[in-house]
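Examining the three-dimensional arrangement
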Amino acid sequence: RPGMGRVLQATKDLSPGELILVEEPLISWVNGKIAECVSKIQKMSTQQRQQLMDMYHLKYGEKARFDSCEARMEEYRALARMVPQACLIPDDAPDEHQDAGPPWAATYEALNVMKLNTHCISSLPWEMQEVDDVQRMLPQGAPRVTRVALFPLASKAAHSCVPNCVWTTQNPYGHISYFAARPIAAGDAITMSYVAPASAAPTLERWANTAFSKDFICTCPQCSGPDATRAVKCAHCADGVAMP
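This is a predicted model, so every value here is computed, not measured.

What follows deals with the overall build of the protein. Scanning the protein from N- to C-terminus turns up eight helices and ten strands. When burial is assessed residue by residue, the protein has 39% of its 244 residues classed as buried. Contacts spanning at least 24 positions in sequence make up 70% of the contacts within the protein whose residues lie at least 6 apart. As displayed, the protein offers around 13,800 Å² of accessible surface, 57% of which is attributable to carbon and sulfur atoms.

Considering all chains together, one arrives at two aromatic pairs under this definition. Plain terms: the ring middles of Tyr 60 and Trp 104 are 5.5 Å apart, the flat faces sit at 85° to each other, and that makes the pair edge-to-face. One end of the pair, Tyr 60, is in the loop between helix H2 (46-53) and helix H3 (67-81); the other, Trp 104, is in the loop between helix H4 (95-98) and helix H5 (105-117), with 44 residues separating them in the sequence. Under the relative-accessibility criterion, Tyr 60 is labelled partly exposed at 38%. On the basis of relative accessibility, which here comes to 16%, the residue Trp 104 falls in the buried class. Ring geometry for Tyr 194 against Phe 216: centres 6.0 Å apart, planes inclined by 85°, an arrangement best described as edge-to-face. Residue Tyr 194 is located in the loop between strand E8 (191-192) and helix H7 (203-214), and its partner Phe 216 is located in the loop between H7 and helix H8 (221-224); the two are separated by 22 residues in the primary sequence.

In spatial order, the strands read E2-E4-E3; together these three strands make up an open sheet with antiparallel pairing. The sheet is open, and its two edges are formed by strand E2 (27-30) and strand E3 (119-121), each paired on a single side. In this sheet, adjacent strand axes meet at a mean angle of 35° when their direction is disregarded. Alignment of E2 against strand E4 (residues 147-150), held across four bridges, turns out to be antiparallel. When the sheet's bridge partners are listed, Ile 27 is paired in E4 with Leu 150. Across the sheet, helix H1 (residues 34-42) is in contact with E2 and E4; its angle to E2 comes to roughly 160°.

Strand order in the open sheet formed by three strands is E1-E7-E6, with antiparallel pairing between adjacent strands. Every interior strand has two partners, whereas the edge strands, strand E1 (19-23) and strand E6 (165-168), have only one. Adjacent strand axes in the sheet meet at a mean angle of 15°, parallel and antiparallel pairs treated alike. Pairing of E1 with strand E7 (residues 176-180), which is carried by four bridges, proceeds in the antiparallel orientation. Across the sheet, the residue bridging to Val 22 is Ser 177, located in E7.

Rules behind the numbers
- Chains are numbered independently. Their residues run from 1 in the order of the written sequence.
- Under the rules for a predicted model, residues below a pLDDT of 70 receive no local features and side-chain atom pairs below 80 are neither given nor counted, while totals for whole chains, interfaces and linings still include all residues.
- Working from all heavy atoms in the structure, the side-chain values ignore hydrogens and water.
- Every helix listed is a DSSP run of H or I at least four residues long, and every strand listed is a run of E at least two residues long, numbered separately from the N terminus.
- Exposure classes here rest on a 1.4 Å probe applied to the protein chains alone. A residue is buried below 20% of its type maximum, exposed above 50%, and partly exposed in between.
- Two residues qualify as a contact provided that any one of their heavy atoms is within 4.5 Å of a heavy atom in the partner residue.
- A 1.4 Å probe and the Shrake-Rupley method give the accessible areas. Residues count as covered only by the protein chains that appear here.
- Stacked, edge-to-face and tilted are the three classes for Phe, Tyr and Trp ring pairs, Trp counted by its six-membered ring, which pair at centre distances within 6.5 Å; planes under 30 degrees apart are stacked, over 60 edge-to-face, the rest tilted.
- Here a strand pair is declared whenever DSSP counts at least two bridges between the two strands.
- Axis geometry follows a simple rule: fit a line to the C-alpha atoms, using only the stretch in contact for helices, then measure angles between N-to-C directions, giving values from 0 to 180 degrees.

What follows is the structure, encoded as structure tokens:
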């Protein structure tokens, strides 16, 4: 879609509560464990790597649209340079990929796929120990560590602060499930909120969040309209409010 890239689109009318999709992760890891993530990518099949790199990302040489996101991308470039020369491009890759920048360029592109497309997921019982081990290595009071994942289709859902679906990974298999939150017509984009809880935060705060984490600002109906979170009682009306 113009301005959105590849997104999920409903192929039929959907009713509230209807299951949209169930999907297993393409890759999952503990957030912050970059070495684990790169190691798993190196073990992927050619088809899996194609699915990974089909997701939206900044290619080597491209600059993020927002300075806050670009600063993080520079950190990823530095990390990518530290990866051994056995990079993420397989030996049988087409020539245009073999010559696409320095040896670490493929690692950099894979890392920014992770930044721009991941979901936080629930840890399965046998994964909790690894999460707890990472948490203990962080300073006291640090944010709670979580597992994150990429999904071939689910990770392509577009963002909206008033999404038309809800999702969960609360199941014994680590799969993700999308359910319609309201009626969705055939042809509509499937949307979810990348920031939580989206509706409770002021518009500028939501924009800062998505600019940093996803390199865009939202133009959904809530972001395009008056900001109800900054409303004040009107001095001239008995029951009115004023909103910027």
